[in-house]
Every structure is written in C-alpha cells, then in structure tokens.
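As a plain string of letters, each chain reads:
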Amino acid sequence: MVKQQQKKWQKLALYGSIIVLAWLVVGMGMASYKRAPVKDFRPILLNEENNQFLAKADLEEVVRRVHGRPLAEIPRGELEIAAIEAELRENPYVASAEAYTELSGDLGVRLELRKPLARVMFGDGSGFYLDRSFQKMELSQQFAANTLLVRGLSYEPIAPRDSIQNADLDG
C-alpha cells in the first residue's frame, strides 16, 4: 500500500513538473513576442474609392506621434492601441477607426473614411466639404474629391465635425 501511494505521488510530481515547465515555456514565448518589434503596418480603408484623403504615410505618422518613435522601433508589448485609435478618430477625414495587433506581429488599422458629398466654396477661395451626414470636413492639401460645388453662400467658419448653419440654405 505504501508503494502504491509513493507511485501516485511520483506520478503527481511528474505531471506537476510537466505542467510547470509548459507554463514557463509559454510565458517565455509570450515575453519574447511582446519584446519583438512590429513587423508590418496594414491599414484597411473601407471606402477608399474616390476618397484618397489619407495615405499610408499619414497613418504611420499618427503612430509616430502617439509613441514618439517610428513604428519599426516599437515593441509589440508597448503599442498603445487605444491611443492610436483615439488619435485616428481625431482626423477630420475619419468616420471610425479600429486598431489591433495580429498574431503575425503586424499592426492593423481598419478605417472608415468620411465621404464628401459637396464642396462649399466662398468668394475668397476658402471653404469646406459636406459629408454624407451634412457635417463639415476640412479641405485637403493632398486630394480634391470629385463632388458637387456649392458657391454663393455667405461665409461660415468651420469647426471640427460641425454641421452647416448657413441661413442661405433655409427655405
């Protein structure tokens, strides 16, 4: 009977050692995964047709601003996903943003861009776009959308994600 109990304890110790060793291997693998730099940056623009307000370089610049260094120098464990998403949502051309890391080590970003419906242009050349929800969008230095042109309205300043308040449109 004593030998049977000894064998049970030996088996239990062996299985326990195997489990502890497996946890150590997994833990070390996770630690090395988090220390490795981000491999690639994969932005996905959901409505990119006739809408090139943002380029991949612009999105990489957002990550650089959030972390203070280029993407290739940031370990995966130090990525601040929530801060990247918040910074992307502040962009006047972004309707929604989702950032995530992939098992392959890539940083992914899914963006839905705002769709310009019309361009409002004032006599002095300034203006703004109206998106499909009639919210104002800043004019871009990189891209001019192929939209309707609205002229002849009285000047109205632009505020972020502001709707049009022009009295000339009341009817």
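Heads up: the structure comes first, above all this text.
Predicted model only: the values in this text are computed from it and were never measured. (Residues numbered from 1 in each chain as written. Predicted model: local features only at pLDDT ≥ 70, side-chain atom pairs only at ≥ 80, totals over all residues. Heavy atoms only, no water.)

Student: Can you lay out the overall build of the protein for me, pointing to particular residues and giving the numbers?
Tutor: For the protein, the helix and strand inventory stands at 3 helices and 7 strands. The order of α-helices and β-strands along the protein, N terminus first, is α-β-α-α-β-β-β-β-β-β. Contacts in the protein between residues far apart in sequence, at least 24 positions, make up 51% of those at least 6 positions apart. Only carbon and sulfur atoms are counted for the fraction: they give 56% of the accessible area of the protein, which is about 11,300 Å². (Helix = DSSP H or I, 4+ residues; strand = E, 2+ residues; numbered from the N terminus. Contact = heavy atoms within 4.5 Å. Areas by Shrake-Rupley, 256 points an atom, 1.4 Å probe, with all protein chains shown as cover.)

Student: Run through unusual backbone geometry, naming residues and quoting values.
Tutor: For F134, which is not glycine, the phi dihedral falls at a positive 60°. Inspection of the secondary structure assignment puts F134 in the loop between β5 (127-131) and β6 (136-137).

Student: Give me the nonpolar core: which residues, what numbers.
Tutor: Within the largest apolar cluster, 19 residues are counted, with the highest numbers of intra-cluster contacts made by L71, L88, L107 and L111. Elements with a minimum of two residues in this core: β1 (41-45), α2 (56-67), α3 (81-89), β2 (94-101) and β3 (107-113). It is β3 that contributes the most residues to this core, 4 residues altogether. Once you skip the residues sitting within four places of it in the chain, L107 turns out to touch V38, D40, F41, R42, V63, L71, L79, I81, I84, Y100 and T101. One finds Y129, M137, F143 and A145 within the second-largest nonpolar core, a separate group that totals 6 residues. (Core = buried A, V, L, I, M, F, W, Y, C linked by side-chain atoms within 4.5 Å. Buried < 20%, exposed > 50% of the residue type's maximum accessible area, 1.4 Å probe, protein only.)

Student: Please set out the pairing of strand β4 (residues 116-121) residue by residue, giving values where relevant.
Tutor: Across 5 bridges, β4 lies against β5 in antiparallel orientation. What sits directly across from R119, in β5, is Y129. Between the antiparallel neighbours β4 and β5 lie 5 residues, among them G125 with a positive phi of about 95°. Two strands pair when backbone bridges link them, and β4 and strand β7 (residues 148-151) are joined in this way by 4 bridges, in the parallel orientation. (Pairing = 2+ DSSP bridges.)

Student: Go over the sheet that holds β2 with me, naming the residues and quoting the values.
Tutor: Ordered by their spatial adjacency, 3 strands build an open sheet running β1-β3-β2, and the pairing between neighbours is mixed. Two strands bound the open sheet, and with one partner strand each, they are β1 and β2. With strand direction ignored, the average angle separating the axes of adjacent strands in the sheet is 15°. The pairing of β2 with β3 spans 7 bridges and is classified as antiparallel. Its bridge partner lying in β3, A97 is registered against L111. Against the sheet, α2 contacts β1 and β3, and its axis sits at roughly 120° relative to β1. (Axes fitted to C-alpha atoms, helices over the stretch in contact; angles between N-to-C directions.)

Student: Break down the packing of α2 against α3 for me, with residues and values.
Tutor: The N-to-C vectors of α2 and α3 enclose an angle of 125°; their axes lie 10 Å apart at closest approach. Classified by the interaxial angle, the pair formed by α2 and α3 is oblique. The hand of the α2/α3 crossing is right-handed. On α3, the residues that touch L59, V62, V63, R65, V66 and H67 of α2 are A83, I84, E87 and L88. A class-by-class count of the residues in the contact of α2 with α3 yields 7 nonpolar, 1 polar and 2 charged. (Parallel < 35°, antiparallel > 145°, perpendicular 65-115°, else oblique. Left-handed = near helix turned anticlockwise from the far one by under 90°. Nonpolar A, V, L, I, M, F, W, Y, C, P; charged D, E, K, R; others polar.)

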